[in-house]
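Structure assessment
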Amino acid sequence: MSKRFSLCALAMVFSLGCTSNPVSAPTEGASLVHDHHSLSRPSEAKVVHAVIDWTCDFEQKCLYGSVTWRVARAEGGPGVVTLDTKALTIESVAAGREGSLHPVPLDLHPEHPVFGRALVIPLAPGEDHVRVDYRTTSAGSGLQWLSPEQTAERTHPFLFSQAQAIHARTILPCQDSPGVRFTYDATVRVPSALTPLMAARQLGADSDGRTFRFTMPEPIPSYLVAIAVGRVAAADLSPRVRIWAEPSVVEAAAWEFAETEAMIQKAEALYGPYRWERYDILVLPPSFPFGGMENPRLTFATPTVLAKDRSLVALIAHELAHSWSGNLVTNATWSDFWLNEGFTVYFERRILEALYGRARSEMEASLAKNELIDEMKDLDPGDTILKIDLTGRDPDDAFSNVPYEKGYLLLRSLEEAYGREAFDACLRTWFDENAFQSRSTEDFLAHLERTLFVHPPQSEPSVDLHEWIHHAGLPADAPSAQSPEIAEVDRLAAEYVAGRVGPETLPTTKWTTHEWLRFLRALPETTDSAALARLDAALKITESRNSEIRMQWLLMAIRASYGPAMASLEDFLSSQGRRKFLKPLYTELAKTPEGKTFALSIYRQVRARYHPIAQTTIDAILGLQN
Ligand code: BES
Ligand code: ZN
């Protein structure tokens, strides 16, 4: 495997003795951009390697221990290294040369409500190591500690992290910027009966059975540091793919994700070798706030995609695709987030097309474009710009489908304008030339100039990149997916609404999840309770346990005050914590006084079970922020 450590980029900027690591030639066009979301100052002194030592304390609900950083210092820079911290209790700080550190005074800057506190550590000439002894606190948003009742098995507690976008600083003092990459070694001590997993190479347990070791040999940004601890079992799908989950979930998960190895092979055929050795998947307990998180070597996934029919496995294609777009080539700042997500959606659909055929990927693309258009109606125009201005904001607050689906549509319009062959070559060289680097939107534009725009466009007018990247909304000539299946569902929905076909004559037994979703979304917002009751009587939709269909149906049920679905709504809001499902449902409930009362009564009971990220979102919807 080729290894280009972060030191390569550093070599351009720092006078650094790159002695022990292989260093390839500095990559041209690299940009060192300032990241407004980090209080650290990597241009002065940059972290390059961490030695993490954690003990996992389920009684106190904290990780405690230390992180020791090796630092690359800029020539002539100030004699300090600055780290991000938030909601951490710092016990002591030391600095020095490797193996001989001495205590230094604690210099923790005042707290910024979103970005936390800068920790400034003095370095005497020649010193390049710092150590921080600390513990995490319950005020941090990066870890969720689950009681046994919050797991499937209900017998053991569970811990998991979620560091993207800027929560890593609540887990460890670090330079919490996607533009700073480092390698790490970790030792994790856990109570007996529990297994720690990290998004890293697993080196196994010591003879005590409670001390586990990990190493991450590829340089990663802080948002890809991840840990989970629980009682888990494993099933191997191929020599490099393993499914981890609670014991009672692992079999269903292994069945659902059985095509993962085939996906990796399709992905490699498209954009080059998989460079992370293993691709494992951990299915988390239901409070995991996202669908998936592309933690390197160990994707984290929600159990709500276990639909028992493999219909929601686009999520795996997506997180896998991040092994190239995002993890190999990373957005330089959160304003370039579309480089991670738009590329990944494009890549995800190419994997689906290669594996299941174009009809499937076009169906997903068609549904997604409609959703994007709907969502954009309610967004601030500034939040519909790809190169989004996030100054002073938590990136979580601006989260939407725009970087995903508008980003996808931009890449698709480039593919359509220049042809698939030229565009694939352009993406392949993007990943190869920038592997293990962080890159900005402007870097990508320069890459397009060099690799794609040297070809004549196959259609006129060509793509207006400036409009795509810097203007609000969707360009009028944005591509549209062609899906005969979706068009047919639209036709049937129109017939149904016009009263020309009854629910029992709809060909629903042949429908995929996506056709179901389109049908429900095609019904008018004014569809009333009586109409939902007729549909339900014929099609038993309230009984569906497909999470996507269920969410769509419950949204319609709230709008129509359709009583028979309310028990299912309450159950859905209390049994899983995926923000994508909670947010629209609570938002819809909050639109009427009765709905809001219902929402508050449920939320009061379940809030403590939701992840901090979901709590923040729902607090805002229900007006509960302090
Ligand atoms: N990296 C994202 C999740 C994320 C984004 C976490 C921003 C925190 C901040 C992940 O790859 C993702 O996009 N997940 C989606 C699923 C996907 C199929 C679109 C999700 O969780 O819904
Ligand atoms: Zn993603």
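Counting restarts for each chain: residues are numbered from 1 in the order of the written sequence. Labels are handed out in written order, letters beginning with A for the chains and numbers beginning with 1 for the ligands. Reporting of local features is limited, given that this is a predicted model, to residues whose pLDDT is at least 70; pairs of side-chain atoms are given and counted only at 80 or more, and all residues count toward the totals for whole chains, interfaces and linings. Hydrogens are left out, water is left out, and the side-chain values use all remaining heavy atoms of the structure.

Quick notes on the overall build of the protein
Numbering of helices and strands runs from the N terminus; a helix is a DSSP stretch of H or I covering at least four residues, while a strand is a stretch of E covering at least two. Secondary structure summary: the protein contains 18 helices and 21 strands in total. Against the 2.2 N^0.38 benchmark of 25 Å for 626 residues, the protein shows a C-alpha radius of gyration of 25 Å, consistent with a compact globule. Between buried and exposed lies partly exposed: a residue is buried under 20% and exposed over 50% of the maximum accessible area for its type, with that area taken using a 1.4 Å probe on protein chains only. Here the protein holds 626 residues, and the buried ones make up 58% of them. Note on contacts: a residue pair qualifies if any of its non-hydrogen atoms lie within 4.5 Å across the two residues. When contacts within the protein are restricted to residue pairs at least 6 apart in sequence, long-range pairs at least 24 apart make up 72% of them. Both definitions apply: the radius of gyration is a C-alpha atom measure, and the globule rule equals 2.2 Å times residues to the power 0.38.

Points about the site of ligand 1
Here a residue is near a molecule or strand as soon as one of its heavy atoms is found within 4 Å of it. Near ligand 1, the surroundings consist of 16 residues, among which Gln-164, Gly-291, Glu-294, Glu-319 and Tyr-404 are the closest. Between Gly-291 and ligand 1, the recorded distance is 2.6 Å, taken from a backbone N or O atom to an oxygen atom. The term polar contact refers here to a pair of N or O atoms within 3.5 Å; inside protein, the definition further demands a hydrogen-donor-capable atom paired with an acceptor-capable atom, and it admits residues adjacent in sequence only when both atoms are side-chain atoms. Between ligand 1 and Tyr-404, the relevant distance is 2.6 Å, taken from an oxygen atom to a side-chain nitrogen or oxygen of the residue. Computed with the Shrake-Rupley method and a 1.4 Å probe, the accessible areas treat only the protein chains shown as cover for residues. Protein chains shield 89% of the accessible area of ligand 1, which is 520 Å² for the free molecule. Within the residue set of the shell around ligand 1, elements represented by two or more residues are β18 (292-293), α4 (314-321) and α5 (337-356). For this scheme, ten residues count as nonpolar: Ala, Val, Leu, Ile, Met, Phe, Trp, Tyr, Cys and Pro. Four count as charged, namely Asp, Glu, Lys and Arg, and the remainder, Gly too, count as polar. Counted by class, the shell around ligand 1 contains six nonpolar, six polar and four charged residues. Formed jointly, the shell around ligand 1 draws a minimum of three residues from each of two domains, domain 1 (3-22 + 336-470) and domain 3 (232-323). What counts as a domain boundary in this text is fixed by an automatic or database domain assignment.

Some points on the coordination of the zinc ion (ligand 2)
Those protein atoms acting as donors to the zinc ion (ligand 2) are His-318 (NE2), His-322 (NE2), Glu-341 (OE) and Glu-341 (OE), and they sit at 2.0 to 2.7 Å. Sodium, potassium and calcium take a 3.2 Å donor cutoff, other metals 2.8 Å, and in both cases only N, O and S atoms count; water is not among them, so sites may look incomplete. For a four-donor site, all angles between 85 and 135 degrees give tetrahedral; for four or six donors, opposite pairs above 155 degrees with the remaining angles between 65 and 115 give square planar or octahedral; all remaining cases count as irregular. With six donor atoms in place around the zinc ion (ligand 2) and angles of 53 to 159° between them, the coordination shape is irregular. For His-318, a relative accessible area of 9% puts it in the buried group.

A word on the pairing of strand β4 (residues 88-97)
Two strands form a pair only when DSSP identifies at least two bridges running between them. In this sheet, strand β7 (residues 129-136) lies alongside β4 in antiparallel orientation, the contact comprising eight bridges. Along β7, the bridge assignment pairs Gly-96 with His-129. The pairing of β4 with strand β5 (residues 100-104) spans five bridges and is classified as antiparallel. Note on β5: the bridge partner recorded for Ala-94 is Pro-103. Connecting β4 to the next strand, β5, in antiparallel fashion are two residues, including Gly-99 with a positive phi near 80°.

What about the domain arrangement of the protein?
If you check the domain split of the protein, you get domain 1 (3-22 + 336-470), domain 2 (35-227) and domain 3 (232-323). The centre of domain 2, based on its C-alpha atoms, is set 26 Å off from the matching centre of domain 3. Tallying the contact residues gives 26 residues for domain 2 and 25 residues for domain 3. As a working definition, buried area equals the accessible area (1.4 Å probe) given up by two parts on being put together, with both sides summed. When the two sides are added together, the surface that domain 2 and domain 3 hide from each other amounts to roughly 2,100 Å², 64% of it contributed by carbon and sulfur. Whenever Lys or Arg places a side-chain nitrogen within 4 Å of a carboxyl oxygen from Asp or Glu, that contact is recorded as a salt bridge. At the boundary of domain 2 and domain 3, one finds two salt bridges. A salt bridge links Glu-218 to Arg-297; the nearest nitrogen and oxygen atoms lie 3.1 Å apart.

Describing the sheet that holds strand β8 (residues 143-146)
Read across the sheet, four strands follow the order β8-β9-β14-β11 without closing on themselves; strand pairing throughout is antiparallel. Each edge of the sheet is formed by a strand with only one pairing partner; in this case those strands are β8 and β11 (195-198). Adjacent strand axes in the sheet meet at a mean angle of 10°, parallel and antiparallel pairs treated alike. Pairing of strand β9 (residues 158-161) with strand β14 (residues 227-230), which is carried by two bridges, proceeds in the antiparallel orientation. Bridge pairing in β14 links Leu-159 to Val-229. Geometry is summarised by axes, namely lines fitted to C-alpha atoms with helices restricted to the contacting stretch, and by angles between N-to-C directions that run from 0 to 180 degrees.

Regarding the side chain of Ser-311
Structurally, Ser-311 is set in the loop between β19 (298-301) and α4. For Ser-311, a relative accessible area of 10% gives the class buried. Reaching out from Ser-311, the side chain makes a polar contact with the side chain of Asp-309 at a distance of 2.7 Å.

Some words on the packing of aromatic side chains
Between 30 and 60 degrees the pair is tilted, below 30 it is stacked and above 60 it is edge-to-face, where a pair is any two Phe, Tyr or Trp rings, Trp via its six-membered ring, whose centres lie within 6.5 Å. Scanning the model with the defined rule gives 33 aromatic pairs in all. A ring pair is formed by Phe-399 and Tyr-404, whose centres lie 5.7 Å apart and whose planes are at 75°; its orientation type is edge-to-face. Judged by relative accessible area, Phe-399 falls into the partly exposed class, the value being 33%. Given a relative accessible area of 16%, Tyr-404 falls into the buried group. Measuring from centroid to centroid gives 5.1 Å for Trp-511 and Phe-519, while their planes differ by 45°, and the two rings are tilted. When sorted by exposure, Trp-511 lands in the same class as Phe-519, which is buried. A connected cluster of aromatic rings, assembled from ring pairs, spans Phe-160, Tyr-223, Phe-288, Phe-290, Phe-300, Trp-334, Phe-337, Phe-399 and Tyr-404. Remark: a charge is flagged as sitting over a ring if the NZ atom of Lys or the CZ atom of Arg is within 6 Å of the ring centre and within 35 degrees of the ring normal. The ring of Trp-255 has Arg-310 sitting right over it, with the charged end atom 3.9 Å from the ring centre. Lying across the ring of Tyr-408, Arg-349 places its NZ or CZ 4.6 Å from the centre.

Notes on the nonpolar core
Within this scheme, the nonpolar core is defined by two criteria: the residues are buried Ala, Val, Leu, Ile, Met, Phe, Trp, Tyr or Cys, and they are joined through side-chain atoms within 4.5 Å. Counting residues in each nonpolar core, the largest one holds 146 residues, and the members touching the most others are Trp-54, Trp-69, Ile-121, Tyr-184, Phe-300 and Leu-414. Counting 47 residues, the second-largest nonpolar core is a separate cluster that includes Val-489, Leu-555, Met-556 and Leu-600.

Focus on the confidence of the model for the protein
Each residue carries a pLDDT value, the predictor's own confidence for that position, ranging from 0 to 100. Residues of the protein with pLDDT of at least 70 account for 95%, and the chain-wide mean is 94. Counted against residues more than four places away or in other chains, residues 1-31, with its pLDDT under 50, gives 58 contacts.

Looking at helix α11 (residues 484-497)
Since one α-helical turn is 3.6 residues long, residues separated by three or four positions face the same way. If you check α11, its first and last C-alpha atoms are 20 Å apart, about what 14 residues at 1.5 Å a residue would give, namely 20 Å. For α11, every residue scored as buried is listed here: Ile-486, Val-489, Leu-492, Ala-493 and Tyr-496. Taken end-on, α11 shows its buried residues confined to a sector of 120°, consistent with a single buried face. Positive phi appears at Gly-499, one or two residues downstream of α11, with a value of about 80°. Any helix carries an expected span of 1.5 Å times its number of residues minus one. What the arc covers is the set of directions going from the helix axis to the C-beta atoms.

What about unusual backbone geometry?
Cis geometry marks the peptide bond from Gln-164 to Ala-165, where omega comes out at -5°. Note on placement: Ala-165 falls in the loop between β9 and β10 (181-189). Even without being a glycine, Lys-61 presents a positive backbone phi close to 55°. Its location among the elements puts Lys-61 in the loop between β1 (45-57) and β2 (62-73). Unlike most non-glycine residues, Arg-154 shows phi in positive territory, near 65°.

What about the sheet that holds β10?
If you walk across this open sheet you meet the eight strands as β5-β4-β7-β2-β1-β10-β13-β12, and the pairing is mixed. Taken across any chain shown, the strands that pair with only one partner, and hence form the sheet edges, are β5 and β12 (201-205). For this sheet, the mean inter-axis angle between neighbouring strands, taken without regard to orientation, is 20°. One ladder, built from seven bridges, connects β1 with β10; its direction is parallel. Residue pairing across strands places Trp-54 opposite Val-188, the latter belonging to β10.

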